[in-house]
Amino acid sequence: MSTATGPSSADYPRPHAHVHLGVFFQGVNHTTIWSDPASGSQIDFETFREVAQTAERGLFDAFFLGEGLRLREQNGLLHDLDVVGRPDAITQLSALAAVTRRIGLVATQNVTYNDPADLARRLASLDVLSGGRGAWNIVTTDNSWTGANFRRGGWLDHELRYVRAAEFVEAAQALWDAFDDEGAPVEVRYAGRTVELVATPTVPRSAQGHPVLFQAGDSPAGRDFAASHAEVIFSAHGTDHADALAFAHDVRRRTVAAGRPEDDVKILPGTQIILGATPDEAREKARWVKEQQVTPATALSLIGQVWGEDLSHLDPDGPLPEHDPVVKAIGETRGTPRPGRDAVAVARAWRERATEQGFSIRELVLDQERQRGFVGTPSSVADELAHWVRSGASDGFNLTPWVVPGGLDDVVDRLVPELQERGAYRTEYTGTTLREHLGLRAPVPHRRTLVTADA
Amino acid sequence: MSALHLAVELDGRGAHPGAHLVDTPPLTRTAWSDTAGSDDVGPERLRRAVAAAQDAGVTFVTFDDSLTPAPAGPALRVDAVTRAAFVAPVTSRIGLVPLVHPGVTEPFHVASQLASLDHASRGRAGWLVGSGDVPGARAALDRPVAAGDDLRDETADVARTLAALWDSWEDDAVVRDTATGRFVDRERLHKVDVTSGGSGATASPATRDVPDGVRAPFSVVGPLIVPRGPQGRPVVVARAGVLPGTAVDVALVGPGADDDARLTAASLAGDSWVARVAAQARADGAPLVVLDLAVVLDTADAGAPARAAELDAATAPLPGSAWASAARWSGSASGLVELLLTLRGVVDGVRVLPAVQDVDLAVLVRDVLPALRVARAVPTPRPGATLRDTLGLARPANQFARGA
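K.L.:
Give me the overall build of chain A: which residues, what numbers.
P.N.:
Looking only at helices and strands, chain A features 14 helices and 15 strands. Relative to the compact-globule value of 23 Å for 455 residues, chain A shows a C-alpha radius of gyration of 22 Å, a close match. For the C-alpha atoms alone, the extent of chain A along its principal axes is close to 75 × 55 × 45 Å. Split into buried and exposed, the 455 residues of chain A put 62% on the buried side. For chain A, the proportion of contacts with a sequence separation of at least 24, taken over those separated by at least 6, is 76%. Counting only carbon and sulfur atoms, one obtains 49% of the accessible surface of chain A, whose full area is about 16,900 Å².

K.L.:
So, the overall build of chain B: which residues are in play, and what are the values?
P.N.:
Secondary structure summary: chain B contains twelve helices and 13 strands in total. Expressed as a percentage of its 404 residues, the buried residues of chain B come to 61%. At a minimum sequence separation of 6, the contacts of chain B that also span at least 24 residues come to 79%. For chain B, the centre of its 38 positive side-chain charges and the centre of its 47 negative side-chain charges are spaced 6 Å apart.

K.L.:
Describe in detail the nonpolar core, supporting the description with residues and values.
P.N.:
Membership of the largest hydrophobic core comes to 185 residues, with the highest contact counts inside it found for F60, F63 and W136 of chain A. It is helix α5 (residues 161-176) of chain A that provides the largest number of residues to this core, a total of ten residues.

K.L.:
If you had to explain the interface of chain A and chain B to someone new, which residues and values would you point to?
P.N.:
Taken together, the contacts link 66 residues of chain A with 73 residues of chain B. Counting each side, the surface lost to burial between chain A and chain B is near 5,800 Å², with a carbon and sulfur contribution of 59%. Three residues, W34, L129 and R151 of chain A, lead the burial of chain A against chain B; their summed loss comes to 16% of the area buried on that side. Residue E46 of chain A is joined to R122 of chain B by a salt bridge in which the shortest nitrogen-to-oxygen separation is 3.5 Å. For the pair chain A and chain B, the number of links is 24 residue pairs in polar contact (both at pLDDT 80 or more). At the level of elements, α1 (45-57), β4 (77-78), α2 (89-98), α3 (116-129) and β8 (196-199) of chain A are the ones that each hand at least two residues to the side of chain A that touches chain B. Top element by residues in the side of chain A that touches chain B is α3 of chain A. It accounts for eight residues.

K.L.:
Please set out the environment of V110 of chain B residue by residue, giving values where relevant.
P.N.:
All names here are of chain B. Residue position: V110 is located in helix α4 (residues 107-120). With a relative accessible area of 1%, V110 lands in the buried category. As for V110 and G331, which are separated by 221 residues in sequence, their C-alpha atoms are 39 Å apart. In this view, V110 contacts V100, T105 and L162; residues no more than four positions away in its chain are not counted.

K.L.:
Account for the confidence of the model for chain B, naming residues and giving values.
P.N.:
All names here are of chain B. With 93% of its residues at a pLDDT of 70 or more, chain B shows a mean pLDDT of 91. Here residues 34-38 is a poorly scored stretch, pLDDT under 50, and it has eight contacts once near neighbours within four places are set aside; other chains count. For this predicted complex, the interface confidence score (ipTM) comes to 0.96, while the overall pTM stands at 0.95.

K.L.:
Account for the pattern of salt bridges, with residues named and values stated.
P.N.:
In total, this model carries 63 salt bridges over all chains according to the counting rule given. E154 of chain B is paired through a salt bridge with R151 of chain A; the nearest N and O atoms lie 3.6 Å apart. With E154 of chain B in helix α6 (residues 148-166) and R151 of chain A in the loop between α4 (144-147) and α5, this residue pair bridges two chains. Each member of the pair E154 of chain B and R151 of chain A is classed as buried. Across the pair R48 of chain B and E44 of chain B runs a salt bridge whose closest N-O atoms are separated by 3.4 Å. Of this pair, R48 of chain B and E44 of chain B both sit in helix α2 (residues 43-56), separated by four residues, roughly a single helical turn.

K.L.:
How would you summarise the pairing of strand β12 (residues 327-331) of chain B if you had to cite specific residues and measurements?
P.N.:
Regular strands have side chains that alternate between both faces of the sheet. Residues and elements named next belong to chain B. Residues A327, W329 and G331 line the buried face of β12, whereas the alternating positions R328 and S330 sit on a face that is not buried. Where strand β11 (residues 288-297) meets β12, five bridges bridge the pair, whose relative direction is parallel. Within β12, the position partnered with V296 by the bridge is S330.

K.L.:
Lay out the sheet that holds strand β6 (residues 134-139) of chain A in plain terms, naming residues and giving numbers.
P.N.:
Residue and element names in this part refer to chain A. As summarised here, the arrangement of the nine strands in space is β11-β10-β9-β6-β5-β2-β1-β15-β12, forming an open sheet in which the pairing is parallel. With partners counted over all chains shown, the strands left at the sheet margins are β11 (266-267) and β12 (270-271), one partner each. Across six bridges, strand β5 (residues 104-110) lies against β6 in parallel orientation. Paired with L105 across the bridge in β6 is G134.

K.L.:
Go over α6 of chain B with me, naming the residues and quoting the values.
P.N.:
All names here are of chain B. Here α6 is 19 residues long and its end C-alpha atoms lie 27 Å apart, about the 27 Å a rise of 1.5 Å per residue gives. What α6 keeps buried is the set L151, E154, T155, D157, V158, A159, T161, L162, A163, A164, L165 and W166. Buried residues along α6 sit against α4, β4 (126-129), β7 (194-195), β8 (219-220) and β9 (235-239).

K.L.:
Any chance you could break down the packing of aromatic side chains for me, citing the residues and the numbers?
P.N.:
All names here are of chain A. For the structure on display, the rule yields 15 aromatic pairs over all chains. Arranged with centres 5.2 Å apart and planes meeting at 75°, the rings of F374 and W388 form a pair that is edge-to-face. Taken as a pair, F374 in strand β14 (residues 374-376) and W388 in helix α12 (residues 378-391) lie far apart in primary sequence, 14 residues in all. When sorted by exposure, F374 lands in the same class as W388, which is buried.

K.L.:
For the packing of α2 of chain B against helix α11 (residues 357-374) of chain B, give the residues involved together with the corresponding values.
P.N.:
All names here are of chain B. Orientation of α2 relative to α11, taken along the N-to-C sense of each, is 15°, at an axis distance of 9 Å. In terms of axis orientation, α2 runs roughly parallel to α11. For α2 against α11, the interelement crossing comes out left-handed. Residues R45, A49, A52, A53, D55 and A56 of α2 form the contact with α11, whose participating residues are Q357, D358, L361, V365, L369 and R373. Within the contact of α2 with α11, the residues separate by chemical class into seven nonpolar, one polar and four charged.

K.L.:
I'd like to hear about unusual backbone geometry, residue by residue, with values.
P.N.:
In this chain, V404 of chain A is followed by P405 of chain A through a cis amide linkage whose omega measures 5°. Among the structural elements, P405 of chain A can be located in the loop between β15 (396-399) and α13 (409-421). A cis amide bond links G222 of chain B to the next residue, P223 of chain B, at an omega of -5°. Inspection of the secondary structure assignment puts P223 of chain B in the loop between β8 and β9. In the Ramachandran plot, R122 of chain B falls in the positive-phi region, its phi being about 55° despite a non-glycine side chain. Along the polypeptide, R122 of chain B turns up in the loop between α4 and β4.

K.L.:
Requested: an account of the pairing of strand β10 (residues 250-253) of chain B, with residues and values cited.
P.N.:
Residue and element names in this part refer to chain B. Side chains V250 and L252 of β10 all project onto a buried face; the interleaved residues A251 and V253 project onto the opposite face, where all are buried too. With three bridges connecting them, β9 and β10 associate as parallel partners. Counted as the bridge partner of V237 is V250 from β10. Pairing geometry for β10 and β11, over four bridges, is parallel. Counterpart to V250 in the pairing with β11 is L288. Crossover connection from β10 via helix α7 (residues 273-283) to parallel β11: handedness right-handed.

The rules behind these values
- Residues numbered from 1 in each chain as written.
- Chains lettered and ligands numbered in written order.
- Predicted model: local features only at pLDDT ≥ 70, side-chain atom pairs only at ≥ 80, totals over all residues.
- Heavy atoms only, no water.
- Helix = DSSP H or I, 4+ residues; strand = E, 2+ residues; numbered from the N terminus.
- Rg over C-alpha atoms; globule rule 2.2 N^0.38 Å.
- Buried < 20%, exposed > 50% of the residue type's maximum accessible area, 1.4 Å probe, protein only.
- Contact = heavy atoms within 4.5 Å.
- Areas by Shrake-Rupley, 256 points an atom, 1.4 Å probe, with all protein chains shown as cover.
- Lys, Arg positive; Asp, Glu negative; His and termini not counted.
- Charge placed at Lys NZ, Arg CZ, Asp CG, Glu CD.
- Core = buried A, V, L, I, M, F, W, Y, C linked by side-chain atoms within 4.5 Å.
- Buried area = accessible area lost by both parts, 1.4 Å probe.
- Salt bridge = Lys/Arg side-chain N within 4 Å of Asp/Glu carboxyl O.
- Polar contact = N/O pair within 3.5 Å; in protein donor to acceptor, adjacent residues only side chain to side chain.
- pLDDT = per-residue confidence, 0-100.
- Pairing = 2+ DSSP bridges.
- Expected span 1.5 Å × (residues − 1).
- Phe/Tyr/Trp six-rings, centres within 6.5 Å; stacked < 30°, edge-to-face > 60°.
- Axes fitted to C-alpha atoms, helices over the stretch in contact; angles between N-to-C directions.
- Parallel < 35°, antiparallel > 145°, perpendicular 65-115°, else oblique.
- Left-handed = near helix turned anticlockwise from the far one by under 90°.
- Nonpolar A, V, L, I, M, F, W, Y, C, P; charged D, E, K, R; others polar.
- Right-handed = clockwise from strand over helix to strand, strands pointing away.

Here it is, written out as structure tokens:
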């Protein structure tokens, strides 16, 4: 996988690039192993404090929380095999702001079930109280199933989700910038197709101007949205270098097309790092992690997702079901991303593979779970990460530990020093704000003057 | 004699709407104003003011708030839940009670935020129920915001919704059963299926055609995304009459239109209006009754009457505001101590609205609370206790839990 030991750094387009690291406290996904004795509470504040403080000790750029506004269901039942439940992101990050000094605090918040005036105010509040370390990961959930928890319900047409996102962001930026030269708030008027407001902000500008904007969309529309509005992309391209490089080139092209310098958007793929003292030890650990992630019950749940029915009664060590799935497309699981591939075709391919290899259900699922991210010694992984950023495949990585709170310890204690030795990682925080950590430009002041009604 | 809980309102530079307009005498500047004198909304003033209140033995602090700029008072202000969350991990025994207006913020978000605050504070969260008009809210939110009777009804519906969402997880829902691979027992998680009253359109932008002041109905399916907090439900603090008495934990009371808001120890003898409104709030079902008391204290530089006149001249308090609706005390610290001692047994607590934080809170924590502690008149909140523990309130049973 690694080609980093060959070329000298001068051969790279970005020979002096630093790796920027974030940590994604994920929960609610089978990536997070809750069954291990080292796995802490998923709701006690102390778990979050320890992860954030470990990341800050490792000079990370950011600590990142997700959002889900309805508990996941599969085949009409609450999904009970993964972590369920988490704190409200902005509330939790505000608490973390008091016990950290430098690390950025990123809240995932959607634009459909929030009001721009309210959310912009809460994000600005986090940004002010943290001394300019707040960020917003913009998401566009719009289904009526999630909407059943909100006043307006599923009111937004799916086609309008990025229109809403763009208008929401423009309105929020207008509010964040609506101060005269003496710092007195002024009234903002915004009129679009999906956002209409007249409001005067109460929260002053923060030390970094306003919160940093993250976005994670991967569809063409999502990439264009990021290229126009985001400052950091939290991408899914964090395993294969060629794939990541192609993605990065595409994003830079779109960023330039949107009238921005190509380095205006930083790319932080979500990924996982598994370290061992030797390559064999790392591989063995990766195998163990995957087995913990794919429990027998999770294996049955994952094939149940493909077949579209509850298959929890099957023997995970037995063969796959012989009948075809009852659904056409995979992804009926509520609260997880987008419906996708043809279920019948996937099921048939899986049956063929299982027959060929003599796999049980669980063996087949383990075989299908792609190894994400980086597996190796601290030295080899440091080489790879430096190679990624110097070649421009990414600006860094957003790491998902498979166990909290201790899952980040070896990255901070063993990998970060290797990166520092390579001149590919900061040795201290040189700024106080997230915008400074990431090397982002200041937000355009008085952006409200650029905002025009969309008719 | 029962103890008297002391609460303090901590928004901005002070509870008097003119607090940010008067100069603070240099001699009375305090630890929290030294570094933050020019920064009313930054983290340092907040952190130091709450720490001072906690050190003095205050039971809980409240944080006033408004989505839109208040018609009188400070132009700048940070979201109250965010402020409460920020001080949660750096305090250990003081209750944190942010104001959230039920007509403005989505019920599901309010429930998540306050449950998260309860976790982050290890059980010291409360909800100060906002009431009255929020000027400009309709234009800011692009939907009708209830007013008058509609707002009263909606407030009750929101409180009912929050209680249900806070109960939607049973306390033992997280089972971490490695044998079956289940993280939660889904039988211990519950949909709430709440539907509010009201009529008309709920979907945006259809609500643009609905006249303002009219409630738009809402429904919430649940369960909440946040597990049940240490207190089961955060402590609900509301002005008497804002919610049905049985829906509140702490009712805030003040004088009626015909009552003399200015209190003295002597005025509390016999049948005072304080005893009357407290009895009424208890009859309505409130477990605890707390008197709102607007306080202007003597300082070395100026007497309380002169200070009060200066503040009122800077900005006259609006009718209906917390300051204007409270009982009033202006005078010496020792006089306030005497008044508070006399209020024991009449009410369960007093929420002090310090006119100017740098001045009146400073005197309160330096002179008033120590004297009350010496008299054993106030409880001593213990580190690790929940706000319910400190207030002597039972942890609410879960409405969805089946009998053991």
